[in-house]
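# Tertiary structure, described
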Amino acid sequence: MSQTQQKQNRDRPWLIRTYAGHSTAKASNALYRSNLSKGQTGLSVAFDLPTQTGYDSDHILSKGEVGKVGVPVCHLGDMRTLFDEIPLDQMNTSMTINATAPWLLALYVAVAEEQGADVSELQGTVQNDLIKEYLSRGTYICPPKPSLKMIGDVAEYCYTHIPKWNPMNVCSYHLQEAGATPQQELAFALATACAVLDELKPRVPAEDFEALCGRISFFVNAGIRFVTEMCKMRAFVDLWDEILVERYGVENPKFRRFRYGVQVNSLGLTEQQPENNVYRILIEMLAVTLSKKARARAVQLPAWNEALGLPRPWDQQWSMRMQQILAYETDLLEFDDLFEDNPAVDAKVEELKDGARHELATLDSMGGAIGAIEYMKSRLVDSNADRLGRIEAGETVVVGVNKYTTTEPSPLQSEDGGIMRVDPAVEAEQINRLNEWRATRDADAVKAALGALREAAAMGQNIMPASIAAAKAGVTTGEWAEQMRAVHGEYRGPTGVSGSPSNKTEGLDEIRDAVDAVSTRLGRRLKFLMGKPGLDGHSNGAEQIAFRARDCGMEIAYEGIRLTPEEIVKAALEDEAHVIGLSILSGSHMPLVEDLLERMRNAGLADVPLIVGGIIPDEDAQRLLEMGVARVYTPKDFELNTIMMDIVALADPKAVAAE
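The text that follows walks through the structure, step by step, so that each part is easy to find. (Residues numbered from 1 in each chain as written. Predicted model: local features only at pLDDT ≥ 70, side-chain atom pairs only at ≥ 80, totals over all residues. Heavy atoms only, no water.)

### Topic: the overall build of the chain
Keep this limit in mind: Each helix corresponds to a stretch of at least 4 residues labelled H or I by DSSP, and each strand to a stretch of at least 2 residues labelled E; elements are numbered beginning at the N terminus. Atoms counted for the radius of gyration: C-alpha only. Globule rule: 2.2 Å times residue count to the power 0.38. Using a 1.4 Å probe on the protein chains alone, a residue whose accessible area is under 20% of its type maximum counts as buried, one over 50% counts as exposed, and one in between counts as partly exposed. Residue contacts are counted whenever heavy atoms from the two residues lie within 4.5 Å of one another. Residue-level accessible areas treat just the shown protein chains as cover; the underlying method is Shrake-Rupley with a 1.4 Å probe.
A tally of regular secondary structure across the chain gives 27 helices and 15 strands. Taken over C-alpha atoms, the radius of gyration comes to 25 Å for the chain, in line with the 26 Å a tight globule of 659 residues would show. Overall, the chain is about 75 × 65 × 55 Å in size when its C-alpha atoms are taken along their principal axes. Looking at the chain as a whole, 58% of its 659 residues qualify as buried. Once local pairs closer than 6 in sequence are excluded, the contacts in the chain between residues at least 24 apart make up 80%. Carbon and sulfur atoms provide 50% of the accessible area of the chain, an area that totals close to 26,200 Å².

### Comments concerning empty space enclosed by the protein
Worth spelling out the cut-off: Grid points spaced at 1 Å and placed over the protein atoms alone form the basis of the search, with a cavity being a set where a 1.4 Å probe fits but cannot get out and a pocket an open set showing protein on both sides within 12 Å along at least five of seven lines. Lining residues have an atom within 4 Å of a point. Grid points are joined across faces, edges and corners, and a volume is the space filled by probe spheres set on the points. Each residue gets one of three labels, nonpolar for Ala, Val, Leu, Ile, Met, Phe, Trp, Tyr, Cys and Pro, charged for Asp, Glu, Lys and Arg, and polar for the others, Gly among them.
Tallied over the entire structure, the rule returns six cavities of 30 Å³ or more. Here the largest cavity defines a volume of roughly 160 Å³. Elements that contribute at least two residues to the lining of the largest cavity include exactly strand 8 (217-222), strand 9 (260-264) and strand 10 (298-300). Here the residues of the lining of the largest cavity are counted per class, giving six nonpolar, seven polar and three charged. Space inside the second largest cavity adds up to approximately 110 Å³. In terms of lining residues, the second largest cavity is bounded by 19 residues, among which Tyr140, Lys377, Pro494, Ser539 and Ile561 are the most central. For the lining of the second largest cavity, the element with the highest residue contribution is helix 6 (residues 131-137), accounting for five residues. Along the lines of polarity and charge, the residues of the lining of the second largest cavity split into six nonpolar, seven polar and six charged.

### Details of the layout of surface pockets
Looking at the second largest pocket, its volume works out to about 560 Å³. The residue inventory of the lining of the second largest pocket, partitioned by class, reads seven nonpolar, three polar and seven charged.

### Quick word on a nonpolar patch on the surface
The criterion, for reference: Like-charged residues within 9 Å of one another, or nonpolar side chains (Val, Leu, Ile, Met, Phe, Trp, Tyr) within 5 Å, are grouped into patches, provided each residue has over 30% relative accessible area and no salt bridge. In what follows, salt bridge is the name for a side-chain nitrogen of Lys or Arg lying within 4 Å of a carboxyl oxygen of Asp or Glu.
Among the surface-exposed residues, Ile224, Phe226, Val227, Tyr279 and Ile283 lie close enough to one another that they form a single nonpolar patch of about 460 Å² accessible area. Listing elements by their share of the nonpolar patch, those giving two or more residues are helix 11 (226-246) and helix 12 (277-287). Position of Ile224 among the secondary structure elements: in the loop between strand 8 and helix 11.

### Overview of the sheet that holds strand 3 (residues 43-46)
We apply this condition: Two strands form a pair only when DSSP identifies at least two bridges running between them.
Here we have five strands laid out as an open sheet, ordered 2-3-4-5-6, and parallel in their pairing. Looking at which strands have only one partner, the edges of the open sheet turn out to be strand 2 (19-20) and strand 6 (165-166). In the sheet, strand 2 pairs with strand 3 via two bridges, with the strands oriented parallel. Directly across from Tyr19, in strand 3, lies its bridge partner Ser44.

### Digging into helix 26 (residues 640-651)
Quick reminder of the rule: Every helix has an expected span of 1.5 Å times one less than the residues it contains.
Between the first and last C-alpha of helix 26 there are 17 Å, a value that for twelve residues agrees with the 16 Å anticipated at 1.5 Å per step. All buried positions along helix 26 are accounted for by Leu640, Ile643, Met644, Asp646, Ile647, Val648, Leu650 and Ala651.

### Concerning the pairing of strand 14 (residues 610-614)
The following threshold applies: Seen with its strands pointing away from the viewer, a crossover is right-handed when the path leading from the first strand over the helix to the second is clockwise.
For strand 14, the buried fraction is high: five of the five residues fall into the buried class. The alternating pattern of strand 14 places Leu610, Val612 and Gly614 on one face and Ile611 and Gly613 on the opposite face, and all of these are buried. Sheet analysis places strand 13 (residues 579-584) next to strand 14, joined by five bridges and oriented parallel. Looking at the pairing, Ser583 lines up with Gly613 of strand 14. Running through helix 24 (residues 589-602), the crossover from strand 13 to the neighbouring parallel element strand 14 is right-handed. Two elements, strand 14 and strand 15 (residues 631-633), share three bridges in a ladder whose sense is parallel. Residue Gly613 lies in a different strand from strand 15, and its bridge partner there is Tyr633. Running through helix 25 (residues 618-627), the crossover from strand 14 to the neighbouring parallel element strand 15 is right-handed.

### Observations concerning unusual backbone geometry
Even without being glycine, Ser23 reaches a positive phi, approximately 65 degrees. Among the secondary structure elements, Ser23 is positioned in the loop between strand 2 and helix 2 (25-37). The residue Asp341 is not glycine, and still its phi comes out positive at about 60 degrees. Considering the arrangement of structural elements, one finds Asp341 in the loop between helix 13 (313-329) and helix 14 (343-365). Classification of Asp341 by relative accessible area gives exposed; the value is 63%.

### What to know about the sheet that holds strand 15
Adjacent strands of a sheet pair through backbone hydrogen bonds, lying either parallel or antiparallel. Defined as follows: Lines fitted to C-alpha atoms define the axes, with helix axes restricted to the stretch in contact, and inter-axis angles between N-to-C directions lie between 0 and 180 degrees.
An order of 12-11-13-14-15 is seen for the five strands of this open sheet, with the pairing classed as parallel. Here the strands that pair on one side only, and so sit at the sheet edges, are strand 12 (555-558) and strand 15. Across the sheet, the mean angle separating the axes of adjacent strands is 20 degrees when strand polarity is ignored. Sheet topology places strand 11 (residues 527-531) next to strand 12; four bridges connect them, and they run parallel. Bridge pairing in strand 12 links Met530 to Tyr558.

### Description of the packing of helix 9 (residues 182-200) against helix 14
Note the threshold: The cut-offs work like this: below 35 degrees is roughly parallel, past 145 is roughly antiparallel, 65 to 115 is roughly perpendicular, and the gaps in between are oblique. Throughout, a crossing is termed right-handed when the near helix is turned clockwise from the far one, and left-handed when it is turned anticlockwise from it by less than a right angle.
Two elements in contact, helix 9 and helix 14, have axes whose closest approach is 8 Å; the angle formed by their N-to-C orientations is 50 degrees. What the angle tells us is that helix 9 and helix 14 run oblique. Every pair of crossing elements has a handedness; the one defined by helix 9 and helix 14 is right-handed. For the pair helix 9 and helix 14, the contacting residues are Pro182, Gln183, Gln184, Leu186, Ala187, Phe188, Leu190 and Ala191 in the first and Glu351, Leu352, Gly355, Ala356, Glu359, Leu360 and Leu363 in the second. Here the contact of helix 9 with helix 14 is built from residues that sort into ten nonpolar, three polar and two charged.

### As for the pattern of salt bridges
In total, this model carries 41 salt bridges according to the counting rule given. The partner of Arg247 in a salt bridge is Asp364, and the shortest N-O contact between them spans 3.6 Å. Pair noted here: Arg247 is in the loop between helix 11 and strand 9 and Asp364 is in helix 14, with a separation of 117 residues, a long-range link. Sharing partners across several salt bridges, the network here consists of Lys149, Asp153, Glu156, Glu199 and Arg203.

The quantities given are spatial measurements derived from coordinates; they are silent on function.
Dropping the structure here:
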């Protein structure tokens, strides 16, 4: 075949996306239009934590979180601004939203109707996967069963009204971020998909169920072990086909396709020598593009500096160019599958499938994904502890972290520190706009819409029609979620960290002896309180610190995510904690720590050492120390045993007396 013929037979490239959103709807809209003009072929919307967890920007839990990790969307006006001058009938939009997915989709539909779009032609994806939120990401609102019902509501509505929309995106991405092995990632994601299909099957005519199966998509992670990751994707393809045939009787191969988008691994991005992350991202992208049989339908890449903070537009552009070079300059898309009938690949795929099948059988014996949430959470925490232990021991090499650590200063980290910073004034401005919105809307229409929404939820009806009506009436995100909380209750997920004494002592003898000695001087067991203030649901770090502290012989208190500073101080008083630790990864560390320190002083806890960990720039770390924080840790502080010895030293009354 000639080179010209090969180019004519090229496969279409995947959708090229950048996961983006920050500050305000207006600023994010400008970023989207800029990225589209640079060759991006689809949108991927990042929402801030209040929007994800169903709070308006002026809620107490939203303090410090507005616009930090995504765009705040409180009402129809914000959504209207977010997509201004972007014709939604010509766009393929992915919205990374879960607990509030019905609401954000309702707002999107309302804006599309305002633009004059034919809603039945809209294309895109709403993530809408609550099960992984209980396991790894933490932006849940309601308990599992009503949440699964809401997932079904969205899927049923889309099947009828927006047939080209993917109503549910099974997200294994955060499972790997939480430490999942490839077999666990395969099994836990597929079990989630089965739970959703079991929910949907009674809702639609039998003859339409196959087509509904065909609309379920996946969002996966690709790590640095790219051969294994490529084999994992081939295993996903085979296992999904197997499940749809054997469990659900889907005959049409078209509806059994494993359709997935991907963001490559952020877990492996390093704060140390961050320029190396460019290579990591490229290698990880190859895992989901090289194999035609298991090629991603959409790809979004993190930026090289995401371990440092919020990427700048140029950083996002650089990652997008990486995709474009592979898609348009190379000859990758001109060939059939490069790995077909490769014995090494086939053997690895079969090994992964076999491990996943065994794990799926275990989950089935527990009643499926909903019944096995606590089991899956504990398995993830254990796997992540093993992963971190291998890095600490040097068994897993991470270049620039535990090997080849000598480095030259990076010219990429210029005067701005190599990241974009959200103006603190953004939160106050967003709250002002929210108050103006509330003041100018029709209060009677809002009241009626909220009543209809609550009634639909209480009666077990599909909440999508009432949600769309509420969006048009001017209801806010917090008001919508308040109705769901009122009907279904709020939920606190399992932490995966047992408070029971641990028998994991290998390599910890010196620290355990130190804990015993300090506990003797204290007159009782050293008590360490681990807290997660604010809305940040990335709990991996907090879990691993609590897990290791328990293994080192400390008495631990860890109640999970989404606590107010007031609740943490109350727990510290009740538990008589000797040391308090905070984990904050959303960039809201300054206002949250400031609030907590003031409350500690007022409660007579000024002498209790406070340590803080998170993605914290150097100048912020210095400010925190000046404010009275005892220690500040960032991702470069990967040796957990060093942190444990710091906790012991801070709690030691002998050291305090010496001072």
